[in-house]
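Structure at a glance
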Amino acid sequence: MPRTASDYTNDAGKPNWCPGCGNFGIEAALKNAFAQLDLDPDNIALVSGIGCGANSPYWFKTYGLITLHGRPLPVATGAKLANHNLNVICWAGDGDAYGIGMGHFIHGMRRNANLVYIIGDNTVYGLTKGQASPTAKKGTITPSTPFGTPDPNINPLALALSVDCSFIARGYAGNIPHLANLIKEGIRHKGFAFIDVLQPCVTYAKAQGYEYYQNLVYDLAQAGHDFTDKKAALERISEQPDKFPIGVFYKKERDVYEYTQPQFKAGPLAKQDIMNVDITKLFEQYSF
Ligand SMILES: Cc1ncc(C[n+]2csc(CCOP(=O)(O)OP(=O)(O)O)c2C)c(N)n1
Ligand code: SF4
Ligand SMILES: [Mg+2]
(Lines give C-alpha, C1' and ligand atoms only; values in the text may rest on other atoms or scores of the structure.)
(Ligands and ions follow the chains in the order given, each with its own letter.)
Protein backbone atom coordinates (compact mmCIF):
# COMPACT_ATOMS: atom_id res chain seq x y z
CA MET A 1 0.00 0.00 0.00
CA PRO A 2 1.38 3.45 -0.87
CA ARG A 3 2.30 5.52 2.16
CA THR A 4 0.29 8.63 3.11
CA ALA A 5 1.00 11.65 5.32
CA SER A 6 -0.59 9.87 8.29
CA ASP A 7 2.21 7.26 8.19
CA TYR A 8 4.50 9.99 9.54
CA THR A 9 2.11 11.14 12.29
CA ASN A 10 2.46 9.76 15.81
CA ASP A 11 -0.19 9.56 18.53
CA ALA A 12 0.92 12.74 20.37
CA GLY A 13 -2.15 14.65 19.21
CA LYS A 14 -2.35 17.90 17.25
CA PRO A 15 0.53 20.42 17.36
CA ASN A 16 -0.05 23.20 19.89
CA TRP A 17 0.61 26.02 17.41
CA CYS A 18 -1.85 28.92 17.26
CA PRO A 19 -4.78 28.25 14.91
CA GLY A 20 -3.74 29.40 11.43
CA CYS A 21 0.01 29.28 12.14
CA GLY A 22 2.12 28.74 9.02
CA ASN A 23 3.86 25.84 10.74
CA PHE A 24 0.82 23.68 9.95
CA GLY A 25 1.54 24.23 6.25
CA ILE A 26 5.19 23.22 6.65
CA GLU A 27 4.23 20.13 8.66
CA ALA A 28 1.70 19.05 6.00
CA ALA A 29 4.13 19.69 3.14
CA LEU A 30 6.89 17.69 4.85
CA LYS A 31 4.68 14.69 5.59
CA ASN A 32 3.28 14.73 2.05
CA ALA A 33 6.78 14.94 0.60
CA PHE A 34 7.87 11.93 2.67
CA ALA A 35 4.82 9.97 1.53
CA GLN A 36 5.23 10.87 -2.13
CA LEU A 37 8.86 9.71 -2.00
CA ASP A 38 7.70 6.61 -0.10
CA LEU A 39 10.39 7.12 2.55
CA ASP A 40 10.60 4.63 5.38
CA PRO A 41 9.80 6.57 8.62
CA ASP A 42 12.64 4.62 10.26
CA ASN A 43 15.07 6.16 7.81
CA ILE A 44 14.25 9.80 8.55
CA ALA A 45 15.75 12.02 11.24
CA LEU A 46 14.04 15.36 11.89
CA VAL A 47 16.39 17.68 13.77
CA SER A 48 15.27 21.06 15.13
CA GLY A 49 16.41 23.88 17.40
CA ILE A 50 14.25 25.77 19.91
CA GLY A 51 11.18 27.73 18.86
CA CYS A 52 7.54 27.28 17.86
CA GLY A 53 8.38 25.48 14.62
CA ALA A 54 11.24 23.65 16.31
CA ASN A 55 8.76 21.75 18.48
CA SER A 56 7.79 19.85 15.33
CA PRO A 57 9.60 16.53 16.06
CA TYR A 58 7.04 15.92 18.85
CA TRP A 59 4.41 15.30 16.20
CA PHE A 60 6.33 13.23 13.66
CA LYS A 61 6.59 9.44 13.67
CA THR A 62 10.23 9.55 12.55
CA TYR A 63 13.45 9.82 14.52
CA GLY A 64 13.55 13.32 16.01
CA LEU A 65 15.90 15.50 17.96
CA ILE A 66 15.10 18.90 19.51
CA THR A 67 18.48 20.46 20.16
CA LEU A 68 19.54 23.94 21.36
CA HIS A 69 18.49 27.33 20.07
CA GLY A 70 20.64 28.03 17.02
CA ARG A 71 22.40 24.66 17.02
CA PRO A 72 20.31 22.20 15.01
CA LEU A 73 22.59 22.29 11.99
CA PRO A 74 25.77 20.96 13.67
CA VAL A 75 23.70 18.15 15.18
CA ALA A 76 22.01 17.38 11.86
CA THR A 77 25.41 17.37 10.13
CA GLY A 78 26.74 14.97 12.77
CA ALA A 79 23.78 12.64 12.26
CA LYS A 80 24.34 12.68 8.52
CA LEU A 81 28.05 11.95 8.86
CA ALA A 82 27.43 9.09 11.29
CA ASN A 83 24.87 7.54 8.96
CA HIS A 84 24.82 9.02 5.51
CA ASN A 85 22.09 6.64 4.36
CA LEU A 86 19.69 8.49 6.66
CA ASN A 87 17.39 11.21 5.28
CA VAL A 88 18.27 14.12 7.54
CA ILE A 89 15.88 17.06 7.63
CA CYS A 90 16.77 20.04 9.75
CA TRP A 91 13.85 22.38 10.64
CA ALA A 92 14.80 25.69 12.26
CA GLY A 93 13.21 29.07 12.91
CA ASP A 94 14.57 32.29 11.46
CA GLY A 95 15.90 33.18 14.90
CA ASP A 96 17.55 29.78 15.13
CA ALA A 97 19.07 29.96 11.66
CA TYR A 98 19.71 33.63 10.89
CA GLY A 99 20.25 35.01 14.41
CA ILE A 100 22.15 32.95 16.95
CA GLY A 101 22.87 30.19 14.41
CA MET A 102 24.06 32.39 11.53
CA GLY A 103 27.62 31.03 11.62
CA HIS A 104 26.42 27.46 11.26
CA PHE A 105 24.14 28.49 8.38
CA ILE A 106 26.99 30.01 6.36
CA HIS A 107 29.50 27.24 7.05
CA GLY A 108 26.91 24.50 6.56
CA MET A 109 26.26 25.78 3.05
CA ARG A 110 29.99 25.93 2.32
CA ARG A 111 30.45 22.38 3.62
CA ASN A 112 27.65 20.97 1.43
CA ALA A 113 26.70 17.87 3.43
CA ASN A 114 23.75 16.07 1.90
CA LEU A 115 20.83 17.27 4.01
CA VAL A 116 17.79 19.54 3.82
CA TYR A 117 17.66 22.75 5.86
CA ILE A 118 14.14 24.19 6.16
CA ILE A 119 13.69 27.58 7.82
CA GLY A 120 10.28 28.73 9.02
CA ASP A 121 10.77 32.44 8.30
CA ASN A 122 8.10 34.34 10.23
CA THR A 123 10.21 37.49 10.85
CA VAL A 124 9.82 37.11 14.64
CA TYR A 125 10.91 35.06 17.62
CA GLY A 126 7.49 33.46 18.00
CA LEU A 127 8.08 31.26 21.03
CA THR A 128 9.46 34.10 23.15
CA LYS A 129 6.53 36.37 22.27
CA GLY A 130 7.31 38.16 19.09
CA GLN A 131 10.65 40.01 19.23
CA ALA A 132 12.09 41.08 15.85
CA SER A 133 14.16 38.47 14.04
CA PRO A 134 16.94 39.31 11.54
CA THR A 135 14.44 39.08 8.66
CA ALA A 136 12.12 41.76 10.14
CA LYS A 137 12.03 44.88 7.99
CA LYS A 138 13.75 47.99 9.37
CA GLY A 139 11.25 49.98 11.42
CA THR A 140 9.13 46.98 12.49
CA ILE A 141 7.54 47.62 15.87
CA THR A 142 7.71 44.63 18.21
CA PRO A 143 7.81 44.19 22.02
CA SER A 144 11.63 44.39 21.90
CA THR A 145 11.70 47.31 19.43
CA PRO A 146 8.93 49.71 20.50
CA PHE A 147 10.46 52.50 18.35
CA GLY A 148 10.92 50.21 15.34
CA THR A 149 13.87 47.89 14.64
CA PRO A 150 16.91 50.06 13.89
CA ASP A 151 18.70 47.45 11.72
CA PRO A 152 17.99 46.66 8.08
CA ASN A 153 16.83 43.08 7.49
CA ILE A 154 19.11 40.40 6.09
CA ASN A 155 18.31 38.57 2.86
CA PRO A 156 19.20 34.93 3.62
CA LEU A 157 18.88 33.86 -0.02
CA ALA A 158 21.45 36.44 -1.11
CA LEU A 159 23.78 35.23 1.65
CA ALA A 160 23.31 31.67 0.39
CA LEU A 161 24.21 32.70 -3.14
CA SER A 162 27.36 34.44 -1.89
CA VAL A 163 28.74 31.13 -0.53
CA ASP A 164 27.67 29.15 -3.62
CA CYS A 165 25.05 27.08 -1.76
CA SER A 166 24.23 24.18 -4.08
CA PHE A 167 20.43 24.42 -3.70
CA ILE A 168 18.67 27.70 -2.86
CA ALA A 169 14.89 27.78 -2.71
CA ARG A 170 11.97 29.57 -1.13
CA GLY A 171 8.57 28.10 -0.32
CA TYR A 172 5.35 29.51 1.09
CA ALA A 173 3.44 27.86 3.92
CA GLY A 174 0.20 28.95 2.24
CA ASN A 175 0.94 26.79 -0.83
CA ILE A 176 1.36 23.26 0.52
CA PRO A 177 1.56 21.30 -2.79
CA HIS A 178 4.24 23.66 -4.10
CA LEU A 179 6.20 23.41 -0.84
CA ALA A 180 5.91 19.61 -0.81
CA ASN A 181 7.39 19.53 -4.32
CA LEU A 182 10.25 21.80 -3.26
CA ILE A 183 11.01 19.58 -0.26
CA LYS A 184 11.01 16.49 -2.50
CA GLU A 185 13.45 18.23 -4.85
CA GLY A 186 15.58 19.20 -1.84
CA ILE A 187 15.65 15.60 -0.57
CA ARG A 188 16.62 14.30 -4.01
CA HIS A 189 19.34 16.94 -4.40
CA LYS A 190 22.84 15.66 -3.69
CA GLY A 191 24.17 18.29 -1.32
CA PHE A 192 22.92 20.98 1.07
CA ALA A 193 19.36 21.98 0.16
CA PHE A 194 18.39 25.29 1.75
CA ILE A 195 14.67 26.13 1.72
CA ASP A 196 13.50 29.39 3.29
CA VAL A 197 9.74 29.21 3.93
CA LEU A 198 7.52 32.29 4.23
CA GLN A 199 5.67 31.23 7.36
CA PRO A 200 2.95 33.58 8.63
CA CYS A 201 2.95 34.04 12.41
CA VAL A 202 -0.69 35.04 12.83
CA THR A 203 -0.15 36.10 16.44
CA TYR A 204 2.98 38.29 16.46
CA ALA A 205 3.61 39.25 12.82
CA LYS A 206 0.11 40.14 11.68
CA ALA A 207 1.41 42.50 8.97
CA GLN A 208 3.14 39.53 7.24
CA GLY A 209 0.06 37.31 7.14
CA TYR A 210 -1.49 35.30 4.31
CA GLU A 211 -3.20 38.37 2.80
CA TYR A 212 0.19 40.10 2.57
CA TYR A 213 2.05 37.22 0.90
CA GLN A 214 -0.86 36.08 -1.26
CA ASN A 215 -0.46 39.12 -3.52
CA LEU A 216 3.33 39.15 -3.58
CA VAL A 217 4.18 35.49 -4.14
CA TYR A 218 4.71 34.08 -7.64
CA ASP A 219 6.12 30.82 -8.98
CA LEU A 220 9.64 31.05 -10.47
CA ALA A 221 9.12 27.99 -12.67
CA GLN A 222 6.01 29.52 -14.25
CA ALA A 223 7.95 32.75 -14.80
CA GLY A 224 10.57 30.84 -16.84
CA HIS A 225 13.44 31.33 -14.37
CA ASP A 226 16.64 29.42 -15.24
CA PHE A 227 18.03 28.04 -11.94
CA THR A 228 21.49 27.49 -13.45
CA ASP A 229 21.90 31.22 -14.06
CA LYS A 230 23.47 32.81 -10.95
CA LYS A 231 23.00 36.38 -12.15
CA ALA A 232 19.32 35.80 -12.86
CA ALA A 233 18.99 34.17 -9.42
CA LEU A 234 20.42 37.28 -7.74
CA GLU A 235 18.00 39.49 -9.64
CA ARG A 236 15.02 37.39 -8.51
CA ILE A 237 16.32 37.18 -4.95
CA SER A 238 16.61 40.98 -4.85
CA GLU A 239 12.93 41.52 -5.75
CA GLN A 240 11.82 41.28 -2.12
CA PRO A 241 9.95 42.98 -0.51
CA ASP A 242 8.10 44.10 -3.67
CA LYS A 243 7.70 40.48 -4.76
CA PHE A 244 8.46 37.14 -3.11
CA PRO A 245 9.22 34.60 -5.85
CA ILE A 246 8.93 30.97 -4.70
CA GLY A 247 10.65 27.90 -6.15
CA VAL A 248 14.27 27.06 -6.88
CA PHE A 249 16.44 30.15 -7.45
CA TYR A 250 19.74 28.36 -7.95
CA LYS A 251 20.93 24.77 -8.14
CA LYS A 252 24.23 23.16 -9.06
CA GLU A 253 26.20 19.97 -8.50
CA ARG A 254 29.34 20.22 -6.42
CA ASP A 255 31.40 18.03 -4.10
CA VAL A 256 29.28 16.57 -1.28
CA TYR A 257 31.10 16.55 2.06
CA GLU A 258 30.52 12.95 3.10
CA TYR A 259 31.38 11.60 -0.37
CA THR A 260 34.79 13.28 -0.44
CA GLN A 261 36.14 12.42 3.03
CA PRO A 262 38.29 9.24 3.20
CA GLN A 263 36.90 8.10 6.57
CA PHE A 264 33.44 7.58 5.04
CA LYS A 265 34.62 5.48 2.08
CA ALA A 266 34.06 2.22 3.93
CA GLY A 267 30.40 3.20 4.48
CA PRO A 268 28.49 5.15 7.14
CA LEU A 269 30.40 5.42 10.43
CA ALA A 270 27.42 3.94 12.27
CA LYS A 271 27.80 0.74 10.21
CA GLN A 272 31.58 0.42 10.36
CA ASP A 273 33.02 -2.33 12.56
CA ILE A 274 35.17 -0.65 15.21
CA MET A 275 36.00 -3.80 17.21
CA ASN A 276 39.32 -4.60 15.53
CA VAL A 277 40.74 -1.26 14.52
CA ASP A 278 44.50 -1.07 15.01
CA ILE A 279 45.39 2.42 16.26
CA THR A 280 49.00 1.72 17.26
CA LYS A 281 50.30 3.41 14.10
CA LEU A 282 48.36 6.57 14.96
CA PHE A 283 49.87 6.56 18.46
CA GLU A 284 53.35 6.15 17.03
CA GLN A 285 52.78 9.00 14.60
CA TYR A 286 51.35 11.50 17.07
CA SER A 287 53.10 10.74 20.38
CA PHE A 288 56.23 12.70 21.31
C1 LIG B 1 20.89 30.14 23.84
C2 LIG B 1 19.47 30.56 23.92
N3 LIG B 1 19.15 31.86 23.78
C4 LIG B 1 17.86 32.26 23.84
C5 LIG B 1 16.88 31.32 24.06
C6 LIG B 1 15.45 31.78 24.16
N7 LIG B 1 14.71 31.48 22.94
C8 LIG B 1 13.99 30.35 22.81
S9 LIG B 1 13.20 30.26 21.34
C10 LIG B 1 13.85 31.75 20.87
C11 LIG B 1 13.53 32.37 19.54
C12 LIG B 1 12.78 31.50 18.61
O13 LIG B 1 12.60 32.18 17.40
P14 LIG B 1 12.70 31.43 16.03
O15 LIG B 1 13.95 30.65 15.95
O16 LIG B 1 12.48 32.42 14.95
O17 LIG B 1 11.50 30.36 16.10
P18 LIG B 1 9.91 30.62 16.11
O19 LIG B 1 9.51 30.56 17.55
O20 LIG B 1 9.63 31.95 15.50
O21 LIG B 1 9.38 29.47 15.33
C22 LIG B 1 14.66 32.30 21.85
C23 LIG B 1 15.35 33.61 21.74
C24 LIG B 1 17.25 29.96 24.19
N25 LIG B 1 16.34 29.00 24.34
N26 LIG B 1 18.53 29.62 24.13
S1 SF4 C 1 3.31 32.41 18.05
FE2 SF4 C 1 3.34 32.57 15.81
S3 SF4 C 1 4.85 31.04 15.11
FE4 SF4 C 1 4.29 30.56 17.25
S5 SF4 C 1 2.63 29.06 17.07
FE6 SF4 C 1 1.68 31.08 17.26
S7 SF4 C 1 1.38 31.75 15.12
FE8 SF4 C 1 2.85 30.06 15.07
MG1 LIG D 1 10.76 32.89 13.91
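Details of the structure are given in the entry above.
Here we summarise the structure given alongside this text. Values in this document were obtained by computation on a predicted structure and should not be read as measured data.

Conventions and cut-offs
Residues numbered from 1 in each chain as written. Chains lettered and ligands numbered in written order. Predicted model: local features only at pLDDT ≥ 70, side-chain atom pairs only at ≥ 80, totals over all residues. Heavy atoms only, no water. Buried < 20%, exposed > 50% of the residue type's maximum accessible area, 1.4 Å probe, protein only. Helix = DSSP H or I, 4+ residues; strand = E, 2+ residues; numbered from the N terminus. Pairing = 2+ DSSP bridges. Near = heavy atom within 4 Å. Nonpolar A, V, L, I, M, F, W, Y, C, P; charged D, E, K, R; others polar. Donors = N, O, S within 2.8 Å, 3.2 Å for Na, K, Ca; no water. Polar contact = N/O pair within 3.5 Å; in protein donor to acceptor, adjacent residues only side chain to side chain. Contact = heavy atoms within 4.5 Å. Arc of directions from axis to C-beta. Disulfide = S-S within 2.5 Å.

Along strand β1 (residues 44–48), five of the five residues are buried, which leaves the element largely enclosed by surrounding structure. Of the two faces of β1, both are covered, the one formed by Ile 44, Leu 46 and Ser 48 as well as the one formed by Ala 45 and Val 47. As paired elements, β1 and strand β2 (residues 63–66) share four bridges and run parallel to each other. Its bridge partner lying in β2, Leu 46 is registered against Gly 64.

With that settled, the discussion passes to the site of ligand 2. Every residue close to ligand 2 is listed here: Trp 17, Cys 18, Cys 21, Cys 52, Asn 122, Gln 199, Cys 201, Val 202, Thr 203 and Tyr 204. Classifying every residue of the shell around ligand 2 gives seven nonpolar, three polar and no charged.

What follows concerns the coordination of the magnesium ion (ligand 3). For the magnesium ion (ligand 3), the protein coordination sphere consists of Asp 94 (OD), Asn 122 (OD1) and Val 124 (O), at 2.0 to 2.2 Å. Mapped onto the polypeptide sequence, the residues donating to the magnesium ion (ligand 3) form the spacing pattern D-x27-N-x1-V. Here the residue Asp 94 occupies a position in helix α3 (residues 94–100), and Asn 122 occupies one in the loop between β4 (116–121) and β5 (124–125), the gap between them amounting to 28 residues. Judged by relative accessible area, Asn 122 falls into the buried class, the value being 8%.

Turning our eyes to something else, we now look at the pairing of β4. The element β4 is extensively covered by neighbouring structure, given that six of its six residues are classed as buried. Burial along β4 is two-sided: the residues Val 116, Ile 118 and Gly 120 and Tyr 117, Ile 119 and Asp 121 are all buried. Two elements, β4 and strand β8 (residues 193–198), share six bridges in a ladder whose sense is parallel. Paired with Ile 119 across the bridge in β8 is Asp 196.

So, on to the side chain of Gln 240. Residue position: Gln 240 is located in the loop between α8 (230–237) and β10 (244–251). A relative accessible area of 17% means that Gln 240 is categorised as buried. Of the polar contacts made by the side chain of Gln 240, one reaches the side chain of Arg 170; its length is 2.6 Å. Among residues more than four places away in sequence, those in contact with Gln 240 are Asn 153, Asn 155, Leu 157 and Arg 170.

Three or more residues of helix α2 (residues 72–82) are buried, namely Pro 72, Leu 73, Ala 76, Thr 77, Lys 80 and Leu 81. Buried residues in α2, looked at end-on, bunch into an arc of 165°, giving them a common side. Of the surrounding elements, those touching the buried residues of α2 are β1, β3 (87–93), α3, α4 (102–111), β4 and α9 (257–260).

With that settled, consider the state of the cysteines. Within this structure, the stated rule accounts for zero disulfides. Here Cys 90 is not disulfide-linked; the sulfur of Cys 165 is the nearest cysteine sulfur, at 13 Å. A relative accessible area of 0% means that Cys 90 is categorised as buried.

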